[in-house]
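Geometric and topological summary
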Amino acid sequence: MTDALALAAVLAAGSVVAPAPVPEIGAVKEVEAVLPAGRFLLQWREPKRVRNEKWAELLKGSRLFEDHIDALNAHYALPFDIPVVAEDCGEPNAYYLPEKRRIRMCHELLGDSTRRIRPHVSPRRSAPDVALADVLHAFYHEVGHALIDAYKLPTVGREEDAVDQFATLILLDSGPAGAEAAQVAALEYKLSARESSPDFADEHSVDRQRAYNILCLVYGAHPRKYAGLIGRGSLPKARAETCREEYLHLKDAWKRLLAPHYRL
Ligand SMILES: [Zn+2]
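Below you will find a few notes about this structure.

All told, the structure shown has two disulfides when counted by the stated rule. Shown here is the disulfide that connects cysteine 89 with cysteine 106, its sulfur atoms set 2.1 Å apart. Here the disulfide of cysteine 89 and cysteine 106 is left-handed, its torsion about the S-S bond being about -95°. With a gap of 17 residues between them, cysteine 89 in the loop between β2 (82-87) and β3 (94-97) and cysteine 106 in strand β4 (residues 102-106) connect regions that are remote in the sequence. Ordering the disulfide-forming cysteines of the protein chain by sequence position, one finds them joined as 1-2, 3-4.

See below:
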């Protein structure tokens, strides 16, 4: 059984789209007299290409962005508004554009993830529904970039790794459905790694590393609960040994960085 197929067993049960998160990684702080009024603002742009209409419709119908943006706005006070624009991009991707202070979530991303994940999804599940979990991880990755920019957070180490960690941690904070969503994102990276040669010069870690890093945090959050991730060969035992420490360290780091900006 391949790693991807092993992970697919996880996809057979429960909802993979996490409920609105309660981000423990933003700690309670004393209420400030005046909080900045900036918010994440969702904007939909009509798809230009016919083949993207289905993905735009599914994204809208899922209310994925609405629910998670509402939760983010309840917890984080931003120094400026950050539009989250769902639109055609011409490629399956997502971006945070610091010069425009805007997140782009591409319609094509859901189509691409669905295509890749479909062969590994239980027949009882809808492949696009499962792929929404991957879009959600990508969304929080971009939110991580946006928060680093908005709050001028220091990053020691590569920002791309840091925001993968942020996305995974915030999903893990939302419970078992979030942990499943993170595993879908890991599966997607493993499958993606098979389709192209790794680019070692890229600012992102290579896809297989991104997959292992996500799985390490899932395992580290609840080693007993997710012990099967090692048993099924998804996470090498040698890496798993440090994952609890890695999870606690990174969660504490994000918590300390975000606590001063927490709304509650
Ligand atoms: Zn990025």
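Glancing now at the environment of serine 126. Assignment of secondary structure puts serine 126 in the loop between α4 (107-117) and α5 (127-151). Considered as a pair, serine 126 and threonine 114 are twelve residues apart in the sequence and their alpha carbons are 9.3 Å apart.

Take the sheet that holds β4 next. Read across the open sheet, the four strands follow the order β1-β2-β4-β3; overall the sheet is mixed. The outermost strands of the open sheet, each flanked by one partner alone, are β1 (40-44) and β3. Ignoring which end each strand starts from, the neighbouring axes of this sheet average 20° apart. Bridging between β1 and β2 involves five bridges; their strand directions are parallel. The partner of phenylalanine 40 across the bridge, within β2, is isoleucine 82. Running at roughly 40° to β4, α4 makes contact with β2, β3 and β4 of the sheet.

A complete count under the given rule lists one cavity of 30 Å³ or more for this structure. If you go around the largest cavity, the residues you meet are Asp161, Asp164, Gln165, Thr168, Arg210, Asn213, Ile214 and Leu217. Looking at the lining of the largest cavity, the elements that each hand over two or more residues are α6 (159-173) and α8 (207-221). Its residues assigned to classes, the lining of the largest cavity shows two nonpolar, three polar and three charged.

Moving on: the environment of histidine 145. Topologically, histidine 145 is positioned in helix α5. You can call histidine 145 buried: its relative accessible area is 9%. Between the C-alpha atom of histidine 145 and that of proline 98, which follows or precedes it by 47 residues, the distance is 8.5 Å. Apart from residues lying up to four places away in sequence, histidine 145 is in contact with Tyr96, Glu159, Glu160 and Val163. Within the structure, histidine 145 has its side chain in polar contact with the side chain of glutamate 160 (distance 3.2 Å).

Each value, and the rule that gives it
Residues numbered from 1 in each chain as written. Predicted model: local features only at pLDDT ≥ 70, side-chain atom pairs only at ≥ 80, totals over all residues. Heavy atoms only, no water. Disulfide = S-S within 2.5 Å. Helix = DSSP H or I, 4+ residues; strand = E, 2+ residues; numbered from the N terminus. Pairing = 2+ DSSP bridges. Axes fitted to C-alpha atoms, helices over the stretch in contact; angles between N-to-C directions. Contact = heavy atoms within 4.5 Å. 1 Å grid on protein atoms, 1.4 Å probe; cavity = no way out; pocket = protein on both sides within 12 Å on 5 of 7 lines; lining within 4 Å. Points joined across faces, edges and corners; volume = space filled by probe spheres on them. Nonpolar A, V, L, I, M, F, W, Y, C, P; charged D, E, K, R; others polar. Buried < 20%, exposed > 50% of the residue type's maximum accessible area, 1.4 Å probe, protein only. Polar contact = N/O pair within 3.5 Å; in protein donor to acceptor, adjacent residues only side chain to side chain.

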